[in-house]
Amino acid sequence: MQVAVASGKGGTGKTTVAVNLAHVLAEEGPIQFLDCDVEEPNAHLFLHPTLHEVREVNIKVPVVTRARCTGCGKCAEVCAFHAIAVLGEKALVFPELCHGCGSCVRVCPAEALHEEPRRLGIVSRGSAGRIDFVQGKIDVGTALAVPVVKAVKRAAGAGDAILDAPPGTSCPVVATIARSDYVLLVTEPTPFGLNDLKLAVELVREMKIPHGVVLNRAGIGTDEVWEYCRREGIPILMRIPFDRRFAETIARGRLIVREFPDWRQEFRRLWERVQGGGRG
Amino acid sequence: MKQLLILSGKGGTGKTTVAGAFAALAPKKVLADCDVDAADLHLLLAPEVVETHDFKALPKAAIEPLKCTGCGTCAAVCRFDAPAAQPDGRYRIDPFLCEGCRACALACPSGAIDLPERVAGHWFLSRTRFGPLVHARLVPGEENSGKLVAQVRRAAAEVAAKEGCDLIIIDGPPGIGCPVISALTGVDLVLVVTEPSVAGRHDLERVVKLARHFGVPVLVAVNKWDLAPALTEAIEKYLRDEEIPPAGRIPFDPELVAATAAGLPAVEGRRGEGAKALIALWETVRRTLEL
């Protein structure tokens, strides 16, 4: 079963839920952890994996052989991303805009274009105890996160996996949660948390993925999240109260289930609920 | 006209709280919420929407089933695995995988693939009691958030020029990818709001590298600094080593939490330690921007 941990709003506790859940599950059997927040991957700060394999993630971008280019402009015409233009009678490529679709190369009548790899980031693999750990990381200055997210997911094997998603509701989140069996939406009881939860719910409903809510920092703010979930029939599978000791534990990169062993049972129960279809 | 961008790398460190406070403190300015997939600034500013505009996304491919012969050319050319064979032998495009490159439409021998234009979100020009606000809403699951960010910034610059404002305050998205780069290009100053945690520190370093990559000056403020004083010290040491001026510390103040929960900017009518720290932070930013 692949379970993605997501949220519209950043900083609600996605990584906290994902790493503590993985740690508890690893006590019972093998579990994979996929850090798909490739812009700012943080799970390694809590799980301290030993990484033994690093692979580059590349896309293929066009390169112009100027001697062959006739400046006909067909390449620029087919490029949906404005990544190639004819300037000074020759084609010029803007690699940072290119998605690597290959249309320009296919359409060039003069065979003046070929493709070369452009690095977007890396995927690292390793283990943290019994956790099989994979993380993606885009290079600073790279705008394209989706190919790196997909590379992380390709590295996964069969069996249970926890996916730590990036914040937001746009394409990197879609790439992460696509084909997941369940999405845990982590939120907090504030107006920001509620607003962004509604957006995340809209997304998982559109993608038809079963989902439930983890309410973090319960006790601050208002009951509005609870009322919204009840009205919409979305199960709240777990509540983590606001507790300064939890905040300090997380700040230092430690696990709640280690510092407060009573919570191991809570995370196990969360997994059981998810496996049972997450109906509260 | 100056442009100030508020970033954090890690989400939830307090970008919008700071932006909301600056909205109340800065004189003639335009506010721009560029966290287009999870925009929250409007919750603090109670905007009255004056104009609503459609945001057209890059179209996605769609196959007309009656014209599809099931030849599989689309699947052969697509590098994003979007076309998939259906039980009846025809192909269908998964809109969540399609990147809109048109390769399949160009290659299809039956002309069965079209890319209809779609509305992928909206952007708004609003009035608030603190001045004009440009904000947006991307339809959840859509691409091109960078393009929508650019649209919000363009509209904010137009309003600022028209109304004679000398500052645009941009509330940025988390991360360091496409929408952040779109929010960052050409601004005068980035204020990074971080928090004293291992994750906050890790993400801060990546966002500082990004700002430097684009040659934009950076200031860094530590929010909730007293939740982990030792980590705050470590972050400030990193800033000194990198020759980045520390812009100040904001304490964990229940008054700020309550203000946000009530949907109010954190400094309005408040005198606590958190509000004082935000006022001091605004002074530092103002001086740095030479306003």
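Predicted model only: the values in this text are computed from it and were never measured.

**A closer look at the overall build of chain B**
Helix and strand counts for chain B stand at ten helices and 13 strands. Counting only C-alpha atoms, chain B reaches 70 × 40 × 35 Å along its principal axes. Restricting to contacts in chain B with at least 6 residues of sequence separation, those with at least 24 account for 75%. Just so you have it, chain B exposes about 11300 Å², and 53% of that area is on carbon and sulfur atoms. Computed over 33 positive and 36 negative side-chain charges, the separation of the two mean positions in chain B equals 2 Å.

**Some details on the packing of aromatic side chains**
Residue and element names in this part refer to chain A. What the rule picks out here adds up to six aromatic pairs over all chains. Summarising the aromatic geometry, the rings of Phe33 and Phe133 are spaced 5.7 Å apart at their centres and angled 5° between planes, so their arrangement reads as stacked. In this pair, Phe33 is assigned in strand β2 (residues 31-35) and Phe133 in strand β7 (residues 131-138), connecting sequence segments 100 residues apart. By relative accessible area, Phe133 is classed as buried at 0%. Both rings, one in Phe246 and one in Phe260, keep their centres 5.1 Å apart while their planes meet at 70°; by these two values the pair is edge-to-face.

**Some remarks on helix α11 (residues 263-275) of chain A**
Because the α-helix completes a turn every 3.6 residues, residues three or four places apart line up on one side. Residue and element names in this part refer to chain A. The end-to-end C-alpha separation of α11 is 19 Å, in line with the 18 Å expected for 13 residues at 1.5 Å each. Those residues of α11 not exposed but buried are Trp263, Phe267, Arg268, Leu270, Trp271 and Val274. Buried residues of α11 fall within an arc of 155° about the axis and therefore sit on the same side. Of the residues one or two after α11, Gly277 is the one with positive phi, at around 100°.

**Some remarks on the interface of chain A and chain B**
In this assembly, 57 residues from chain A lie in contact with 56 residues from chain B. Regarding the contact of chain A and chain B, the summed buried area is about 4700 Å², with carbon and sulfur atoms giving 59% of it. Run the count over chain A and chain B and you get three salt bridges. Taking the shortest distance from any N to any O, the salt bridge between Arg79 of chain B and Glu115 of chain A comes out at 2.7 Å. Summed over the shared surface of chain A and chain B, the result is 25 residue pairs in polar contact (both at pLDDT 80 or more). When contributions to the side of chain A that touches chain B are tallied by element, the ones reaching two or more residues are α2 (44-47), α3 (74-78), α4 (103-107), β7, α5 (146-154), α6 (171-177), α7 (191-206) and α9 (244-251) of chain A. No other element matches α7 of chain A, which puts eight residues into the side of chain A that touches chain B. Split by residue class, the side of chain A that touches chain B holds 24 nonpolar, 17 polar and 16 charged.

**Describing the pattern of salt bridges**
Per the counting criterion, the structure on display carries 28 salt bridges over all chains. Here Asp139 of chain A and Arg119 of chain A are joined by a salt bridge, their closest N and O atoms 2.8 Å apart. Here Asp139 of chain A, found in the loop between β7 and α5, pairs with Arg119 of chain A, found in strand β6 (residues 113-128); they are 20 residues apart in sequence, far enough to count as distant. The shortest N-O distance in the salt bridge between Glu283 of chain B and Arg286 of chain B comes to 2.8 Å. Highlighted residues: Glu283 of chain B and Arg286 of chain B, both in helix α10 (residues 273-288), separated by three residues, approximately one helical turn. Residue classification places Glu283 of chain B among the partly exposed positions, given a relative accessible area of 30%. In the salt-bridge network here, residues are joined through shared partners; they are Glu27, Glu28, Arg264 and Arg268 of chain A.

**Some thoughts on the sheet that holds β6 of chain A**
All names here are of chain A. The strand order β3-β6-β7-β2-β8-β1-β9-β10-β11 describes an open sheet built from nine strands, whose pairing is mixed. Both edges of this open sheet fall to β3 (50-64) and β11 (236-241), since each of them pairs with a single strand only. Between one strand axis and the next, the sheet turns by 20° as a mean value, whatever way the strands run. Bridge count between β2 and β7: five bridges; the pairing is parallel. Considered in β7, the bridge of Ile31 is made with Ile131.

Here is what the cut-offs are and how they apply
- Residues numbered from 1 in each chain as written.
- Chains lettered and ligands numbered in written order.
- Predicted model: local features only at pLDDT ≥ 70, side-chain atom pairs only at ≥ 80, totals over all residues.
- Heavy atoms only, no water.
- Helix = DSSP H or I, 4+ residues; strand = E, 2+ residues; numbered from the N terminus.
- Contact = heavy atoms within 4.5 Å.
- Areas by Shrake-Rupley, 256 points an atom, 1.4 Å probe, with all protein chains shown as cover.
- Lys, Arg positive; Asp, Glu negative; His and termini not counted.
- Charge placed at Lys NZ, Arg CZ, Asp CG, Glu CD.
- Phe/Tyr/Trp six-rings, centres within 6.5 Å; stacked < 30°, edge-to-face > 60°.
- Buried < 20%, exposed > 50% of the residue type's maximum accessible area, 1.4 Å probe, protein only.
- Expected span 1.5 Å × (residues − 1).
- Arc of directions from axis to C-beta.
- Buried area = accessible area lost by both parts, 1.4 Å probe.
- Salt bridge = Lys/Arg side-chain N within 4 Å of Asp/Glu carboxyl O.
- Polar contact = N/O pair within 3.5 Å; in protein donor to acceptor, adjacent residues only side chain to side chain.
- Nonpolar A, V, L, I, M, F, W, Y, C, P; charged D, E, K, R; others polar.
- Pairing = 2+ DSSP bridges.
- Axes fitted to C-alpha atoms, helices over the stretch in contact; angles between N-to-C directions.

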